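The chain contents come next:
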Amino acid sequence: AITNFEVCKDNYIVLQFPSQNNIASLKVLDEEGREYSNIQLTEGQVINISISKKHNLIGINTLMVENKMESRLLIYDIEGQLIGSNNLEEQLALGFMYDAKGNMIVVKEEEVISINKNNKTLWEVNLDKISLFDGFSSDYMVFYGGTEARKGLINGNAEDQIKILQYNGKIIGETKLEEKVN
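Keep in mind that this is a model prediction, so the values were computed, not measured.

What about unusual backbone geometry?
Phase 1 of the analysis: At Asn11, a position not held by glycine, the phi torsion is positive, near 65°.
Phase 2 of the analysis: In this structure, Asn11 sits in the loop between β1 (4–7) and β2 (13–20).
Phase 3 of the analysis: What makes Asn11 partly exposed here is its relative accessible area of 46%.

A short note on the sheet that holds β2
Sheet strands associate in pairs through backbone hydrogen bonding, adopting either a parallel or an antiparallel arrangement.
Phase 1 of the analysis: Across the sheet, which stays open at both edges, the four strands sit in the order β1-β2-β3-β4 with antiparallel pairing between neighbours. The open sheet is flanked by β1 and β4 (35–41), the only strands paired with a single partner. Averaged over all pairs of adjacent strands, the angle between strand axes in this sheet comes to 15°, irrespective of strand direction.

A closer look at the pairing of strand β3 (residues 23–29)
Phase 1 of the analysis: Counting buried residues along β3, five of its seven residues qualify, which places the element largely inside the surrounding structure.
Phase 2 of the analysis: As paired elements, β2 and β3 share six bridges and run antiparallel to each other. Residue Ile13 lies in a different strand from β3, and its bridge partner there is Leu29.
Phase 3 of the analysis: Counted along the chain from β2 to the antiparallel partner β3, the turn is two residues long, and its residue Asn21 has a positive phi close to 55°.
Phase 4 of the analysis: In terms of strand pairing, β3 meets β4 through six bridges, oriented antiparallel. Counted as the bridge partner of Lys27 is Asn38 from β4.
Phase 5 of the analysis: Where β3 folds back onto β4 in an antiparallel hairpin, the turn is made up of five residues, including Gly33, whose phi is positive at roughly 85°.

Considering empty space enclosed by the protein
Phase 1 of the analysis: Tallying each qualifying case throughout the model produces one cavity of 30 Å³ or more.
Phase 2 of the analysis: For the largest cavity, the calculated volume is near 50 Å³.
Phase 3 of the analysis: Forming the boundary of the largest cavity are Leu127, Asp128, Ile130, Phe143, Tyr144, Gly145, Gly146, Gln161 and Lys163.
Phase 4 of the analysis: Elements represented by at least two residues in the lining of the largest cavity include exactly β14 (140–151) and β15 (155–166).
Phase 5 of the analysis: Classifying every residue of the lining of the largest cavity gives four nonpolar, three polar and two charged.

Thoughts on the pattern of salt bridges
Phase 1 of the analysis: Tallying each qualifying case throughout the model produces seven salt bridges.
Phase 2 of the analysis: The salt bridge partner of Arg34 is Asp30, with a shortest N-O separation of 3.2 Å.
Phase 3 of the analysis: Its relative accessible area of 7% is what places Asp30 among the buried residues.
Phase 4 of the analysis: Residues Glu174 and Lys163 are paired through a salt bridge, measuring 4.0 Å at the closest nitrogen-oxygen approach. Here Lys163 lies in strand β15 and Glu174 lies in strand β16 (residues 171–176), a separation of eleven residues in the sequence.
Phase 5 of the analysis: Bridged by salt links that share partners, the residues Asp30, Glu32 and Arg34 form one connected network.

Quick notes on the nonpolar core
Phase 1 of the analysis: Ranked by size, the top nonpolar core spans 16 residues in total, and within it Leu26, Leu41, Ile51, Ile58 and Ile60 carry the most contacts.
Phase 2 of the analysis: Listing elements by their share of this core, those giving two or more residues are β3, β4, β5 (45–52), β6 (57–65) and β7 (69–76).
Phase 3 of the analysis: In contact with Leu26, not counting residues within four places along its chain, are Val14, Leu15, Gln16, Ser37, Asn38, Ile39, Leu41, Val46, Ile49 and Ile60.
Phase 4 of the analysis: Within the second largest apolar cluster, twelve residues are counted, among which are Met97, Ile105, Met141 and Tyr167.

Scoring rules and cut-offs
Residues numbered from 1 in each chain as written. Predicted model: local features only at pLDDT ≥ 70, side-chain atom pairs only at ≥ 80, totals over all residues. Heavy atoms only, no water. Helix = DSSP H or I, 4+ residues; strand = E, 2+ residues; numbered from the N terminus. Buried < 20%, exposed > 50% of the residue type's maximum accessible area, 1.4 Å probe, protein only. Pairing = 2+ DSSP bridges. Axes fitted to C-alpha atoms, helices over the stretch in contact; angles between N-to-C directions. 1 Å grid on protein atoms, 1.4 Å probe; cavity = no way out; pocket = protein on both sides within 12 Å on 5 of 7 lines; lining within 4 Å. Points joined across faces, edges and corners; volume = space filled by probe spheres on them. Nonpolar A, V, L, I, M, F, W, Y, C, P; charged D, E, K, R; others polar. Salt bridge = Lys/Arg side-chain N within 4 Å of Asp/Glu carboxyl O. Core = buried A, V, L, I, M, F, W, Y, C linked by side-chain atoms within 4.5 Å. Contact = heavy atoms within 4.5 Å.

Function-wise, these values are silent; they only describe arrangement.
Below you can see the structure in the form of structure tokens.
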């Protein structure tokens, strides 16, 4: 049985299998369903995965909880070789996208970052509590979220907003919403 999977536009698939003896196993299949590579993870629980054959990247968000919560982003090539490991601190990766240059866009709970194939962070944009997001072509991404501003102990006033980012990290539009999107 598999616990998670992700398919890219080139029909490559990364499969996640249940952990055995604290080892998470991921398998990459090519467009014909043949085994292409394997990745074995010995630390943390896999939270989210992504694959791009075109850009030769696999993103894996793992979570370790010992004395404190630690979220890590592991970047592999599709052959299963580790490219880099990044500490996301206490934020989970909600998802991944790729820009036209092959940089990985990592959507965290309160931040969006771009990482190139050499594991270098190109830009970071702080956003308020991301709830929903989507990427459109290679031009821009849309994010919905916001904070809960408190008035007194009981009344809350939601400040939800939509922000539009280009793939270079620049905010090109934003609007506040009067009604909450569920």
